[in-house]
Amino acid sequence: MNLHVRYEGDDDPKKCTARKLARFDLTELHRTARATPYGIVLNPHAEQALSPADRAETDTLVALDCSWESAERALFEMPGVHRALPFLVAANPVNYGKPFRLNTVEAFAAGLCILGERAQAERILSKFRWGETFLELNEEPLRRYADCEDSTEVVAVQQEYLDAGKE
């Protein structure tokens, strides 16, 4: 899949996973929504969860790279099919163990796994010391989400994890 980033540049450049991916030619950075190509936009505000059924939409995955503090709904106004990632846990050093607080490379890797592109997910995560840890922490949910037919099934699986966390 082609990976593209709508890049805000408002976080620490030394910790920016999107910039590192771009240095390795694994993604393209775009400074405006207009310059960002149409694709599946990974958007935590989206009303529908990403599922394997979305694979038929396009071969482009788009992420927004900005600080969590500025990740407002307006920044996600980009052309494309907007989808939210289901419950997953961050492995990056800044948000380790926090659910739903993935950085850009983790979001891409999760999307790729769900869309059946596990080898590409492993390739992009290999550029980070903690990359393999992300796949290990989320092994079961990523596998289960990838086995779903559609968004409704993904949400049902996600609910199992959310309910288990309440116990």
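Residues numbered from 1 in each chain as written. Predicted model: local features only at pLDDT ≥ 70, side-chain atom pairs only at ≥ 80, totals over all residues. Heavy atoms only, no water.

(A) Region of the structure containing unusual backbone geometry. Positive phi values are uncommon outside glycine, yet D25 reaches one of about 55 degrees. As for its position among the elements, D25 is in the loop between α1 (17-23) and β2 (28-30). A residue is classified by how much of its surface remains accessible, and D25, at 70% relative accessible area, is exposed. The phi dihedral of F100 falls on the positive side, at around 65 degrees, and the residue is not glycine. (Helix = DSSP H or I, 4+ residues; strand = E, 2+ residues; numbered from the N terminus. Buried < 20%, exposed > 50% of the residue type's maximum accessible area, 1.4 Å probe, protein only.)

(B) Just the sheet that holds strand β1 (residues 2-7), in detail. With parallel pairing, the 5 strands of this open sheet are ordered in space as β2-β1-β4-β3-β5. In this open sheet, the two strands that pair with only one neighbour each are β2 and β5 (80-83). Shown here is a sheet whose adjacent strand axes are inclined to one another by a mean of 30 degrees, direction ignored. Where strand β3 (residues 39-42) and β5 come together, 4 bridges link them in parallel fashion. Residue pairing in the sheet places G39 in a bridge with G80 of β5. (Pairing = 2+ DSSP bridges. Axes fitted to C-alpha atoms, helices over the stretch in contact; angles between N-to-C directions.)

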